[in-house]
Amino acid sequence: MAVKINTQTGMIEISNEVIATVVGGAVTDVFGIVGMASKKQIKDNITEILRKENYSRGVVVRQEENGIAVDVYTIVSYGTKISEVSRNVQEKVKYNLETLLGVKANSVNVFVQGVRVLPD
């Protein structure tokens, strides 16, 4: 499924893979994020950090009337304030979607799938 944007010169379709890559890049740049997690992690009972080519497994995109809704599944670093890291993720994802793709994110839902202790 793709997000469709009507412009005065025609229609633009942006695939969910492109949106997931932009969202995944924004999420992994936030301080306190170890990586992206699979949205099926709880059901599969597997803790796995996704690589860049698999960001779409950790991002769910739904098209709404005036934009999109994004669900992001993350793994957070131990010792960081989860609420602050999640708020930073929401702000960065919204900003990147609007500036890079011209897509308005109505909501960005952050799901913390785990906490990791990073070696010093």
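Predicted, not measured: the structure shown is a model, and the values here were computed from it. Residue indices begin from 1 for each chain and proceed along its sequence in written order. With the structure being a predicted model, the display of local features is reserved for residues of pLDDT at least 70 and the display and counting of side-chain atom pairs for 80 or more, all residues being used for whole-chain, interface and lining totals. The side-chain quantities take in all heavy atoms of the structure and omit both hydrogens and water.

Asker: Got a minute to help me understand the overall build of the protein in this structure?
Answerer: Going along the chain from the N terminus, every DSSP run of H or I of four or more residues is numbered as a helix, and every run of E of two or more is numbered as a strand. The helix and strand inventory of the protein stands at 3 helices and 7 strands. Overall, the protein shows an N-to-C arrangement of helices and strands of β-β-α-β-α-β-β-β-α-β. For every residue, the accessible area (1.4 Å probe, protein chains only) is compared with the maximum for its type, and the residue is labelled buried under 20%, exposed over 50%, or partly exposed between those bounds. The burial tally for the protein puts 37% of its 120 residues in the buried class. Residues count as neighbours in contact if any of their non-hydrogen atoms are within 4.5 Å of one another. For the protein, restricting intrachain contacts to residue pairs at least 6 apart in sequence, the fraction spanning at least 24 positions comes to 65%. Of the roughly 7,300 Å² that the protein leaves accessible, carbon and sulfur atoms contribute 50%. Note on areas: these come from Shrake-Rupley sampling with a 1.4 Å probe, and a residue is covered only by the protein chains present in the view.

Asker: What am I meant to see in helix α1 (residues 16-28) here?
Answerer: Given 3.6 residues per helical turn, the α-helix brings residues three or four places apart onto the same face. With 13 residues, α1 extends 18 Å between its outermost C-alpha atoms, agreeing within 8% with the 18 Å of an ideal straight helix rising 1.5 Å per residue. Turning to α1, its buried residues number three or more, namely I19, A20, V22, V23, G24, A26 and V27. Looking at the buried positions of α1, the neighbouring elements they touch are β1 (2-7), β2 (10-15), β3 (33-37), β5 (59-64), β6 (67-77) and α3 (82-101). For a helix, the expected span equals 1.5 Å multiplied by the number of residues minus one.

Asker: Explain the nonpolar core to me, please; I cannot follow it from the model alone.
Answerer: Within soluble globular proteins, side chains that are nonpolar generally end up buried alongside one another. Counting residues in hydrophobic clusters, the biggest one holds 26 residues, and the most contacted among them are I19, V23, V27, I68, V93 and L97. Listed by contribution, the elements that provide at least two residues to this core are α1, β3, β5, β6, α3 and β7 (105-116). With near-sequence residues (within four places) excluded, I68 lies in contact with V3, I19, V61, R62, Q63, L97, V103, K104, A105, N106 and S107. Buried Ala, Val, Leu, Ile, Met, Phe, Trp, Tyr and Cys residues that are joined via side-chain atoms within 4.5 Å together make up what is termed a nonpolar core.

Asker: When you look at the side chain of S86 in this model, what are you seeing that I'm missing?
Answerer: Topologically, S86 is positioned in helix α3. By relative accessible area, which is 15% here, S86 ends up buried.

Asker: It is not clear to me how the pattern of salt bridges should be interpreted in this structure. Could you clarify?
Answerer: In a structure, side chains of opposite charge can pair up when their charged atoms sit close to one another. In the sections that follow, a salt bridge refers to a side-chain nitrogen of Lys or Arg positioned within 4 Å of a carboxyl oxygen of Asp or Glu. This structure, assessed with the given rule, holds 3 salt bridges. A salt bridge links R62 to D71; its shortest N-O distance comes to 2.7 Å. The exposure class of R62 is partly exposed, given its relative accessible area of 34%. Judged by relative accessible area, D71 falls into the buried class, the value being 10%. Between R87 and E84 there is a salt bridge whose closest N-O contact spans 2.3 Å. Note that R87 and E84 are positioned in helix α3 at a spacing of 3 residues, about one turn of the helix. Relative accessible area serves as the criterion here: at 34%, E84 is assigned to the partly exposed category. Within the structure, one salt-bridge network assembled from shared partners comprises E84, R87 and E91.

Asker: Looking at this structure, how should I read the packing of aromatic side chains?
Answerer: By convention here, two paired aromatic rings are described through the distance between centres and the angle between planes. Any pair of Phe, Tyr and Trp rings, taking the six-membered ring for Trp, is counted once the centres come within 6.5 Å. Such a pair is stacked with planes under 30 degrees apart, edge-to-face with planes over 60 apart, and tilted for the rest. Taken as a whole and assessed by the stated rule, the structure comprises 1 aromatic pair. Pairing Y73 with F111 gives two aromatic rings, centres 4.9 Å apart and planes at 15°, and the pair type is stacked. Taken together, the positions of Y73 in strand β6 and F111 in strand β7 put the pair 38 residues apart, joining distant regions of the chain. Y73 gets classed as buried once you look at its relative accessible area, which sits at 14%.

Nothing here speaks to function; it is all geometry.
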